[in-house]
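Geometric and topological summary
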Amino acid sequence: MHAQNRPAHVKVATISVACTLTLLCSCGESGGGKPIAPTSPPRATPRMLGTGMPALEDVPNRPLYAINVTLDYANGSLTVQERVEFKNPSNVPLRQIKFNVPPARHPNAITVKDARVFGQPANLRFDPVGTALIVTLPALLPTDAAIALTFDYTLKLPPAESMVGAIGGDDSSSGPNALIAGHWYLMLAPWRDGNWDTPGFYPVGDSYNDELADYDVTILAPDGVTVAGAGDEQHNGRQWRYSLRNARVFAFGASDQFAVEKDDIVIDGIEIYHYALKKHANLSGHVLITAERALKLFGQLYGPYPYKTLRIIETDRAQGQEYSAVVGLGSVLYERYPGGGSRHDLIASTAHEISHQWWFQTVGNDQIKTPWLDESFARMAEVKFYEAYYPNDVDWWMENYLRSKKPTGAIDGTLGSFGDSQAYLNGVYRRGAMFLLDVRTAMGTTAFDAAMKDYFVVETDKITNANAFFDALARNSNADLSVIVRDYFANPPVLPCKISANAPGCRK
Ligand SMILES: [Zn+2]
């Protein structure tokens, strides 16, 4: 994973030099593969594609975004120059490149003024379609080629919603006290199953299908506004620069009321920052110690946290929200906190959102099609957190978050299959946690914990799926899980034979 944290273009350049010198090299991450002969010598001059479209010399193995933002904090609006380098993600030449733009669900939220291939003067045709932007290239992009596209646009963040008890809505919004920007920029759509994946926006849950990318972002903010962005930070006057590698999303918050506190305890080399509104600065200690404990525990349980910093940012929303290397916590969580104690949403939500750095950021999933693969796991992480640090509160947690809600519903629905936030919470969060708890009871805690770690390691940096999870369970247990799976899934997956008592048709 450390190797993958390096900038893609640096890595590719290094490999191409090594290949040239030795003429034979093993370029795979795993090493030890068959020697591969270089197909062509390094290019000294940019390769020109059709109609003079210049290809990138170094083909990045994941997209690289370089973004300049001028922030109009008072109006919640951003003036943006974005450049994205990417290679053709498909196995066919492409004329159209598609982007997801979640804020475009609001009329006139985004105004794209200019789109070009970097290095070419001609303007490109671009068509907004729902929450997608379709860019038409002047010529086909060959399967092995990479280009850079540049955009100029303005974005008006929607007003922050405060939907207490609900899950979903905009993860980028501006409120009276702070703004938060999550999926706010033009995001190259994933290429999946032979098409660009532009799923539109679902108001319930996290309507995102992120893949890994690298980010270099500069934000110019007004005097007196503190910016809190993801990754390595360089701050000089009004300019805030961030570098983030191998991330699902680049998020930042901003406020003229932030009180910033850096934790004086560094866990596993990770610096933790808390950005609370000044009126809630007295609660920083509670959030920071929870964050410390969560980082430490999840690092031990699953595997390493992928960054050197974690920023926890108070937002004007009611709910928590996960981003890469950043966690958002809604003001409502702070306002309702009695000022001490662990039996509260502020503590549980902090642990929950931090666990998404493992289940969402590192082990990725399609949050629209398989939301249970991050939310059930984040809920289970809350259980582990309370078991580790507040064993006397575990029963309170079970009663408050599960039993008193008497949840019903299947855990494996897509976002679009849930009629409202409560149905979604019941199925994916509550029944999701109950499913994992039942699996743990059936397997035993030692085998379950080993399987979770195994699953995390194998699925690191991937978009995971249910089969990968059940395969990990089967590598660590032979408990028959058929009845439990039938109880919780609307469409029960075909289980490995080892954990289904060799049921007819089981996976070998
Ligand atoms: Zn969550």
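Conventions adopted
- Residues numbered from 1 in each chain as written.
- Predicted model: local features only at pLDDT ≥ 70, side-chain atom pairs only at ≥ 80, totals over all residues.
- Heavy atoms only, no water.
- Donors = N, O, S within 2.8 Å, 3.2 Å for Na, K, Ca; no water.
- Tetrahedral: all angles 85-135°; square planar, octahedral: opposite > 155°, others 65-115°.
- Helix = DSSP H or I, 4+ residues; strand = E, 2+ residues; numbered from the N terminus.
- Buried < 20%, exposed > 50% of the residue type's maximum accessible area, 1.4 Å probe, protein only.
- Contact = heavy atoms within 4.5 Å.
- Polar contact = N/O pair within 3.5 Å; in protein donor to acceptor, adjacent residues only side chain to side chain.
- Pairing = 2+ DSSP bridges.
- Axes fitted to C-alpha atoms, helices over the stretch in contact; angles between N-to-C directions.
- Disulfide = S-S within 2.5 Å.
- pLDDT = per-residue confidence, 0-100.
- Lys, Arg positive; Asp, Glu negative; His and termini not counted.
- Salt bridge = Lys/Arg side-chain N within 4 Å of Asp/Glu carboxyl O.
- Domains from an automatic or database assignment.
- Buried area = accessible area lost by both parts, 1.4 Å probe.
- Core = buried A, V, L, I, M, F, W, Y, C linked by side-chain atoms within 4.5 Å.

1. Details of the coordination of the zinc ion
Tetrahedral coordination by four donors puts the ideal angle at the metal at 109.5 degrees, and octahedral coordination by six puts it at 90 or 180 degrees. Every protein donor of the zinc ion is accounted for by His352 (NE2), His356 (NE2), Glu375 (OE) and Glu375 (OE), and the metal-donor separations fall at 2.0 to 2.8 Å. For the zinc ion, the four donor atoms in the first shell make angles of 51 to 152 degrees at the metal, so the coordination geometry reads as irregular. Read in sequence order, the donor residues for the zinc ion give the motif H-x3-H-x18-E. In this pair, His356 sits in the loop between helix H4 (345–355) and helix H5 (372–389) while Glu375 sits in helix H5, placing the two residues 19 residues apart along the sequence. Here the two residues His356 and Glu375 agree in accessibility, since each one is buried.

2. Some thoughts on helix H9 (residues 466–476)
Along H9, the residues classified as buried are Ala466, Ala468, Phe469, Phe470, Ala472, Leu473 and Ala474. Next to the buried residues of H9 lie H5, helix H7 (421–443), helix H8 (445–459) and helix H10 (482–488). Regarding H9, its N-cap is Asn465, as a side-chain oxygen of that residue lies 3.1 Å from the backbone nitrogen of Asn467 further along.

3. A closer look at the sheet that holds strand E13 (residues 213–220)
Here we have seven strands laid out as an open sheet, ordered E4-E7-E2-E1-E13-E16-E15, and mixed in their pairing. Looking at strand neighbours, the two that pair on one side only are strand E4 (110–117) and strand E15 (232–236), the edges of this open sheet. Going from strand to strand, the sheet's axes swing by 15 degrees on average, the running direction of each strand aside.

4. Here's the deal with the state of the cysteines
A covalent bond between the sulfur atoms of two cysteines is referred to as a disulfide. Going through the model one piece at a time under the given rule, you end up with one disulfide. The residue that forms a disulfide with Cys497 is Cys506, at a sulfur-sulfur distance of 1.9 Å. On the sign convention where negative means left-handed, the S-S torsion of about 90 degrees between Cys497 and Cys506 marks this disulfide as right-handed. The buried category is assigned to Cys506, whose relative accessible area is 13%.

5. A few points about H4
By the criterion of burial, H4 is predominantly enclosed, with ten of the eleven residues buried. Residues of H4 that are buried: Leu346, Ile347, Ala348, Ser349, Thr350, Ala351, His352, Glu353, Ile354 and Ser355.

6. Some remarks on the confidence of the model for the protein
Low pLDDT means the predicted atomic positions in that stretch should not be read closely. Looking at the protein, the pLDDT average stands at 91 and 91% of residues meet or exceed 70. Between residues 1–44, whose pLDDT stays under 50, and residues either more than four places distant or in other chains, the model counts 56 contacts.

7. A word on the sheet that holds strand E19 (residues 271–277)
Backbone-to-backbone hydrogen bonds pair the strands of a sheet. The strands run either parallel or antiparallel. Strand order in the open sheet formed by five strands is E18-E19-E20-E22-E21, with mixed pairing between adjacent strands. Only two strands of the sheet have a single neighbouring strand rather than two, namely strand E18 (258–262) and strand E21 (321–323). Ignoring strand direction, the axes of neighbouring strands in this sheet form an average angle of 15 degrees. Of the strand pairs in this sheet, E19 and strand E20 (residues 309–315) are connected by five bridges, and their pairing is parallel. From the neighbouring strand, Ile272 faces E20, where its bridge partner is Leu310. The strands that H4 touches are E20, E21 and strand E22 (326–330); relative to E22, the one it contacts most, it runs at about 155 degrees.

8. What to know about the side chain of Arg248
Mapped onto the elements of the fold, Arg248 is located in the loop between strand E16 (239–247) and strand E17 (252–255). Buried within the structure, Arg248 lacks any salt-bridge partner; Asp461 is the closest side chain of opposite charge, at an N-O distance of 5.1 Å. Looking at Arg248, its side chain comes within polar contact range of the main-chain oxygen of Gln361, at 2.8 Å. A distance of 3.2 Å separates a polar side-chain atom of Arg248 from the backbone oxygen of Lys462.

9. Side note on the side chain of Glu85
Relative to the helices and strands, Glu85 resides in strand E2 (residues 77–87). On the basis of relative accessible area, Glu85 is assigned to the buried category, the value being 11%. Not counting the four nearest positions on each side in its chain, Glu85 is found in contact with Leu56, Pro60, Arg62, Pro63, Leu64, Ile147 and Ala148.

10. Quick notes on the domain arrangement of the protein
Under the domain assignment used here, the protein contains domain 1 (3–42), domain 2 (60–248) and domain 3 (372–499). Computed from C-alpha atoms alone, the centre-to-centre distance between domain 2 and domain 3 is 32 Å. If you look at the interface, domain 2 gives 14 residues, while domain 3 gives twelve residues. Both sides together, the interface formed by domain 2 and domain 3 hides about 970 Å², and carbon and sulfur atoms give 58% of it. Together, Ile167, Val204 and Asp206 form the three largest contributors to the area buried by domain 2 at its contact with domain 3, with a combined 47%. Taken together, the connections running from domain 2 to domain 3 amount to zero salt bridges.

11. Regarding the nonpolar core
Judged by nonpolar contacts, the single largest core of 152 residues is most densely connected at Leu149, Phe151, Trp184 and Phe435. At ten residues, the largest contribution of residues to this core is made by H7. When residues are assigned to domains, this core turns out to be shared by domain 2 (60–248) and domain 3 (372–499), each giving three or more. Residues within four places of Leu149 in sequence aside, it is in contact with Glu82, Arg83, Val84, Phe86, Ile97, Phe99, Arg116, Val117, Phe118, Leu124, Val135 and Leu137.

12. Things to note about the pairing of strand E3 (residues 94–100)
Bridge count for E3 against strand E6 (residues 132–141) is six bridges, and the pairing is antiparallel. Directly across from Ile97, in E6, lies its bridge partner Val135. Two strands pair when backbone bridges link them, and E3 and strand E10 (residues 187–188) are joined in this way by two bridges, in the antiparallel orientation. Within E10, the position partnered with Phe99 by the bridge is Leu188.

13. Quick notes on the pattern of salt bridges
Side chains that differ in charge, positive against negative, can pair when their charged atoms come close. Within this structure, the stated rule accounts for 24 salt bridges. Notably, a salt bridge pairs Arg116 with Asp114, separated by 2.7 Å at the nearest N-O pair. Arg116 gets classed as partly exposed once you look at its relative accessible area, which sits at 27%. Judged by its relative accessible area of 10%, Asp114 falls in the buried class. A salt bridge links Lys262 to Glu271; its shortest N-O distance comes to 3.2 Å. In this structure Lys262 comes out as partly exposed when scored by relative accessible area, which is 42%. Taken together, the shared-partner salt bridges in this structure form one network comprising Arg192, Asp197, Glu211, Asp366 and Lys369.

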